[in-house]
Amino acid sequence: MKYVDEFRDGKVARNLAQSIAAEVQPERRYHLMEFCGGHTHAISRYGLRDLLPPEIRFIHGPGCPVCVLPIGRIDSAIELARDHGVILCSYGDTLRVPASERMSLLRAKAEGADIRMVYSSADALRIAREHPEREVVFFAIGFETTTPPTAVALRQARAEGLKNFSVFANHVLTPSAIQNILESPEVRELGTVPLDGFIGPSHVSTIIGSRPYEFFAEEFQKPVVIAGFEPLDVLQSVLMLVRQLNEGRAEVENQFSRAVTREGNLKAQAMVAEVFELRERFEWRGLGEVPYSALRIREAFRDFDAEVRFDLPYRSVPDHKACECGTILRGLKQPQDCKVFGTVCTPDNPLGSCMVSAEGACAAYYTYGQFKGAQPVAEAS
Amino acid sequence: MCLAIPVKVIELLAADQALVDVGGVRKEVDVSLVDGVQTGDYVILHVGFAINRLDETEAQKTLAMLREMGVAPEAAA
Amino acid sequence: MSADPKVVRRGYIRALDLKRGKVEMSHGGGGRAMAQLIDELFQLAFDNPWLRQANDQALLSRPEGRIVMATDSHVVSPLFFPGGDIGSLSVHGTINDVATSGARPLWLSAGFILEEGFPLADLKRIVDSMAAAARAAGVPIVTGDTKVVERGKGDGVFINTTGVGVVPDGIEISGHRARPGDRILVSGHLGDHGVAIMSLRENLSFSTNIISDSAALHELIAAMIRAAPDIHCLRDPTRGGLASTLNEIARQSGVGMAIREADIPVREEVDAACELLGLDPLYVANEGKVVAICPAASADALLAAMHIHPLGQDAAIIGEVVEDSHGFVQMETSFGGRRNVDWLSGEQLPRIC
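The following paragraphs examine the structure supplied in this document.

## Topic: empty space enclosed by the protein
And step 1. Evaluated as defined, the whole model comprises seven cavities of 30 Å³ or more.
And step 2. Lining the largest cavity are A:Tyr3, A:His203, A:Phe229, A:Glu230, A:Asp233, A:Phe256, A:Arg258, B:Ala4, B:Ile5, B:Pro6, B:Ile44 and B:Leu54.
And step 3. Looking at the lining of the largest cavity, its residues break down into eight nonpolar, one polar and three charged.

Written as structure tokens, this is what we have:
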């Protein structure tokens, strides 16, 4: 696969790792937050931690839109399918997330609710066209990468005058989340969460550009390197961050220059702005209420807003008592710090969203086996 | 966070759609989010939509920078 | 020998409409309609001396050796896919379950649960496919059963196949026999079947040249055992893929495994399709592959024997069995990093994140 395989070259990876090892200042720690769940996944899947010197510490951020979706919103989605009899179209990731009363979309489906997995918002539109007699709701989630596809679907629905299609919008914003973390007392004042720099999200940045991060670098004096999706991209970005930190710089650098520009994808941004507006506040699992961090469908497209079409009272639901997703999402704890990690809470029986989503820190840790119990395997002769 | 993959545009279709190829697998995707997509372009595919074009010059520059580390990656096919 | 089986037995006023007809409740009722379905469809296709007896059971001769039995129910959707269908799948799957014990498969049974309204043309296609698969494998379908359920209570057709085979003395192949130092081999490219099936799912539609690898493996396995009679384990990595199979064996044997990503054969298209959907090829189903675990000293001979056989041309040694009380399957990535290859939890779903 072109533009993929070249960025997965093992030999180059080892050389990069050696350069990083040569340049880290001994006794210094480099706490790097990979905001994007895709990076968490890549670090685990390619065993990058094994290659890097111990001075590099990865902190997992809340860049997993499934992980930060509050239970109450999933309850609403289940309610739409179960009580309002709609065809609920959802991305695969959300189907297993545990909600209230030990329910999930998948369980609700098993109990008879018409819940269908889709790969694209276009699929949901197609289902609406094919079933004019049924209400079809698209359960939209995601950061800025996934929002434009929802915007396109809404514009199409309006252009076609579809009467039976609506969107349950849960799109959230990356800069708001980063700001929330940087402003949290643990990071800003107490220093209990040492945070030296950010590995910026790949695909969100293709849409929003590198400009929005300049504020963080400046205001909080933390370097940001926007990293591509492949393991070599991540390694190169780590090297760039180490250099910035060694040199005392706090800039925004763009390692993913093959897909990210300073301005981003203006066409996509315009389409999103046409369809969506900011919510004053939105609850994030683990972060609580974050102001101006999420999007709502605009007046002009109200007809296609599921929250307007259906009566969906929102009930905030706290996490399971033992669940540490909240602290893990904020980078305060690691999965192994959670008392139920790997015991009661496993991918088969997830208590919190960090374990359900493939991008979740806990799932990545568990699946790729980073937990302390794993003994290093002796080489067979 | 966002599973996306570079794909090659094989053919432009009606209604802002395009046929793309990755590793021999083909799919019809929506290209309305990216202006001026041409056959032969590489775009990044996410949830059935092209979200941006891939700049081949920049890609080569990045690979060259990686090459500086001493070992060249396999030449792109 | 009874009369020419191609002649429809007299007594049926009209032949089955195999082009436009549909399955009806009466076809499972035990009466004339059912008898006609069996005669004109099943018996005609499977035709062998046992079925011609038209008894409720098959009288079989006593084989030499220990008897092996395996059963499998098939609920695959879609029913027809590139490289096969539920029929051929059900024949291959059970033959393989029997064969991975080291046994020679001798006989199959086939039970059908048909949904009222299911097109007879599709049923005929499936049955003909089963017949062809059984004949090619040299394993007859000697007895069977048919039931019909009301419309809405079935997925078109469910098939159960049970197979019986015989293992010669001296062959001990079982999941609990893996030992540290053993080599792990796979017979070819992984993930073909799962990707072929997925490409047809409505919401994922992508087009690919990948076809299912569904195949009967008993002859490949026989060749493997001849080359390496001390094979410890054999298993076909069906649902859950290679990862699940290795984890199962590791647990059964109380060992760990160390495999190398670079040595695992996966076609570029399968890789690409999995990338597209966010899936891991190690967890994707196969229907014509076998995993073998053998003592290190036999590995080269085993590999050579596999390479000669058409179904084993792309076989590879992918790793070793190691001491590990945790039973982990660890993989060296192409990077030189390490990761665990864990059990599959739930169903692997395509993802956007």
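## Re the interface of chain A and chain B
And step 1. Contacts between the two partners involve 48 residues from chain A, matched on the other side by 41 residues from chain B.
And step 2. Of the roughly 3,700 Å² buried at the junction of chain A and chain B (both faces included), carbon and sulfur atoms supply 65%.
And step 3. Counting across the chain A and chain B interface gives two salt bridges.
And step 4. Note that B:Glu56 is salt-bridged to A:Lys2, the shortest N-O span being 3.9 Å.
And step 5. For the pair chain A and chain B, the interface holds 11 residue pairs in polar contact (both at pLDDT 80 or more).
And step 6. Secondary structure elements with two or more residues in the side of chain A that touches chain B: α1 (10-23), β1 (30-36), α2 (37-45), α6 (121-130), α7 (147-160), α10 (202-208), α12 (231-246) and α13 (266-275) of chain A.

## Describing the nonpolar core
And step 1. In terms of nonpolar packing, the biggest core is built from 181 residues, with A:Ile56, A:Leu88 and A:Phe165 touching the most fellow members.
And step 2. Residue contributions to this core peak at nine residues, all from α12(A).
And step 3. Among all residues touching A:Ile56, those that are not within four sequence positions of it are A:Ile20, A:Val24, A:Tyr30, A:Leu32, A:Val238 and A:Val242.
And step 4. If you look at the next biggest cluster of nonpolar residues, it comprises 37 residues, including C:Ala45, C:Val76, C:Leu114 and C:Leu120.

## A short note on α13(A)
All names here are of chain A.
And step 1. Looking only at α13, the buried set comprises Ala-268, Met-271, Val-272 and Val-275. End-on view of α13: buried residues confined to an arc of 100°, all on one side of the axis.
And step 2. Lining the buried residues of α13 we find α7, α10, β10 (276-278) and β13 (295-297).

## Quick look at the environment of C:Gly29
And step 1. Counting through the fold element by element, C:Gly29 comes out in the segment before α1 (32-46).
And step 2. Taking the C-alpha atoms as reference points, C:Gly29 and C:Leu277, separated by 248 residues in sequence, lie 45 Å from one another.

## Some points on the state of the cysteines
Residues and elements named next belong to chain A.
And step 1. Here the structure, examined in full by the defined rule, presents one disulfide over all chains.
And step 2. Covalent S-S linkage joins Cys-64 and Cys-67, the inter-sulfur distance amounting to 2.3 Å. Judged by the sign of its S-S torsion, about 70°, the cystine formed by Cys-64 and Cys-67 is right-handed. Of the two residues, Cys-64 and Cys-67, neither departs from the other in class, the shared state being buried.
And step 3. With no disulfide partner, Cys-345 has as its closest neighbouring cysteine sulfur the one in Cys-338, 6.4 Å distant.
And step 4. Judged by its relative accessible area of 8%, Cys-345 falls in the buried class.

## Things to note about the interface of chain C and chain A
One frequent convention defines the size of an interface as the accessible area lost when the parts assemble.
And step 1. Facing the 37 residues of chain C at the interface are 48 residues of chain A.
And step 2. Carbon and sulfur atoms make up 55% of the area that chain C and chain A hide from each other, which totals about 3,500 Å².
And step 3. Along the contact surface separating chain C from chain A lie two salt bridges.
And step 4. The residue C:Glu275 makes a salt bridge to A:Arg8 at a minimum N-O spacing of 2.9 Å.
And step 5. Across the contact surface, chain C and chain A share four residue pairs in polar contact (both at pLDDT 80 or more).
And step 6. For the side of chain C that touches chain A, the elements supplying multiple residues, two or more each, are α8 (268-277), β11 (316-322) and β13 (338-340) of chain C.
And step 7. Per-element tally for the side of chain C that touches chain A: the top contributor is α8(C), with six residues.
And step 8. By residue class, the composition of the side of chain C that touches chain A is 13 nonpolar, 11 polar and 13 charged.

Parameters and conventions
- Chains are numbered independently. Their residues run from 1 in the order of the written sequence.
- Note on labels: chains are lettered from A, ligands numbered from 1, in written order.
- Given that the model is predicted, a residue must reach a pLDDT of at least 70 before its local features are reported, and side-chain atom pairs must reach 80 or more before they are shown or counted; all residues, however, enter totals for whole chains, interfaces and linings.
- To obtain the side-chain values, all non-hydrogen atoms of the structure were used and water was disregarded.
- Definitions used throughout: a 1 Å grid over protein atoms alone; a cavity as a set of points that fits a 1.4 Å probe which cannot get out; a pocket as an open set with protein on both sides within 12 Å along at least five of seven lines; a lining residue as one with an atom within 4 Å of a point.
- Grid points are joined across faces, edges and corners, and a volume is the space filled by probe spheres set on the points.
- Any residue outside Ala, Val, Leu, Ile, Met, Phe, Trp, Tyr, Cys, Pro, Asp, Glu, Lys and Arg is labelled polar, Gly included; the first ten of those are nonpolar and the last four are charged.
- We call two residues contacting when some pair of their heavy atoms lies within 4.5 Å.
- Values labelled buried area give the accessible surface lost by two parts on being combined, using a 1.4 Å probe and summing over both.
- Within this document, salt bridges are pairs made up of a side-chain nitrogen of Lys or Arg and a carboxyl oxygen of Asp or Glu, the two lying within 4 Å of each other.
- Polar contact is defined as a pair of N or O atoms within 3.5 Å, subject to the rule that within protein one atom must be able to donate a hydrogen and the other to accept it, and that residues adjacent in sequence are counted only when both atoms are side-chain atoms.
- Each helix corresponds to a stretch of at least 4 residues labelled H or I by DSSP, and each strand to a stretch of at least 2 residues labelled E; elements are numbered beginning at the N terminus.
- We call a set of buried Ala, Val, Leu, Ile, Met, Phe, Trp, Tyr and Cys residues a nonpolar core when their side-chain atoms join them within 4.5 Å.
- Throughout, exposure labels follow a simple rule: accessible area from a 1.4 Å probe, protein chains only, divided by the maximum for the residue type, with under 20% read as buried, over 50% as exposed, and the rest as partly exposed.
- To obtain the arc, one takes the directions from the helix axis to the C-beta atoms.
- In this description, the term disulfide denotes a pair of cysteine sulfurs within 2.5 Å.

Fair warning: the whole summary comes from geometry, so function is off the table for now.
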